[in-house]
Amino acid sequence: MRETLARNLRKYRRAQRLSQEELGHRAELDRTYISSIERCVYSATVDVVGRLADALGIPALELLRPASETAEAKSSSAASAEVAGTKGQPMKGAKPARKSVGPAQTRHIRKKPSP
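Just so you know, these numbers come straight off a predicted model, no measurement behind them.

### Focus on the overall build of the protein chain
Thought 1: When its secondary structure is counted, the protein chain shows 6 helices and 0 strands.
Thought 2: For the protein chain, the succession of helices and strands along the chain, N to C, is α-α-α-α-α-α.
Thought 3: Within the protein chain, the proportion of its 115 residues that are buried is 23%.
Thought 4: Contacts in the protein chain between residues far apart in sequence, at least 24 positions, make up 56% of those at least 6 positions apart.

### As for the nonpolar core
A general feature of soluble globular proteins is that nonpolar side chains tend to end up buried together.
Thought 1: Ranked by size, the top nonpolar core spans 17 residues in total, and within it Leu9, Leu23, Leu52, Leu56 and Leu63 carry the most contacts.
Thought 2: Among the elements that make up this core, the one with the highest residue count is helix H4 (residues 46–56) (6 residues).
Thought 3: Aside from chain neighbours lying at most four places away, what touches Leu56 is Leu9, Tyr12, Arg13, Gln16, Leu18, Leu23 and Leu63.

### Description of the side chain of Arg13
Thought 1: Take Arg13: it is sitting in helix H1 (residues 2–15).
Thought 2: Once you skip the residues sitting within four places of it in the chain, Arg13 turns out to touch Leu18, Ser19, Gln20, Leu23, Glu38 and Leu56.

### A word on the environment of Arg10
Thought 1: Among the secondary structure elements, Arg10 is positioned in helix H1.
Thought 2: Judged by relative accessible area, which is 25%, Arg10 ranks as partly exposed.
Thought 3: Measuring from C-alpha to C-alpha, the distance between Arg10 and Ile37 comes to 9.3 Å, with 27 residues separating the pair along the chain.
Thought 4: The residues contacting Arg10, other than those within four sequence positions of it, are Glu38 and Arg39.

What counts and what doesn't
- Residues numbered from 1 in each chain as written.
- Predicted model: local features only at pLDDT ≥ 70, side-chain atom pairs only at ≥ 80, totals over all residues.
- Heavy atoms only, no water.
- Helix = DSSP H or I, 4+ residues; strand = E, 2+ residues; numbered from the N terminus.
- Buried < 20%, exposed > 50% of the residue type's maximum accessible area, 1.4 Å probe, protein only.
- Contact = heavy atoms within 4.5 Å.
- Core = buried A, V, L, I, M, F, W, Y, C linked by side-chain atoms within 4.5 Å.

Here is the structure:
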């Protein structure tokens, strides 16, 4: 449920071109708290979900709605691509995806000794 709220909150906030700070101002919440909700660090109470929904001008249910319709659409397009024989192949002229390096995977860089 936390991931669903995070995904939907980010989607609706970005669709309205709102920064986390502006949404926080409208919902009377701190920007860092909104960031934490979007990153699944904190859970939101029912009251906070209501305040966020009001600030976005949408029903609270929309923030909690699972992405099952989206998953169905993705799976049908993936099935179409597989039938066409293009699954896993990059689009013509597309750049290869960059590998993300997270905190646990950061490279250790040795510092040169001071002279």
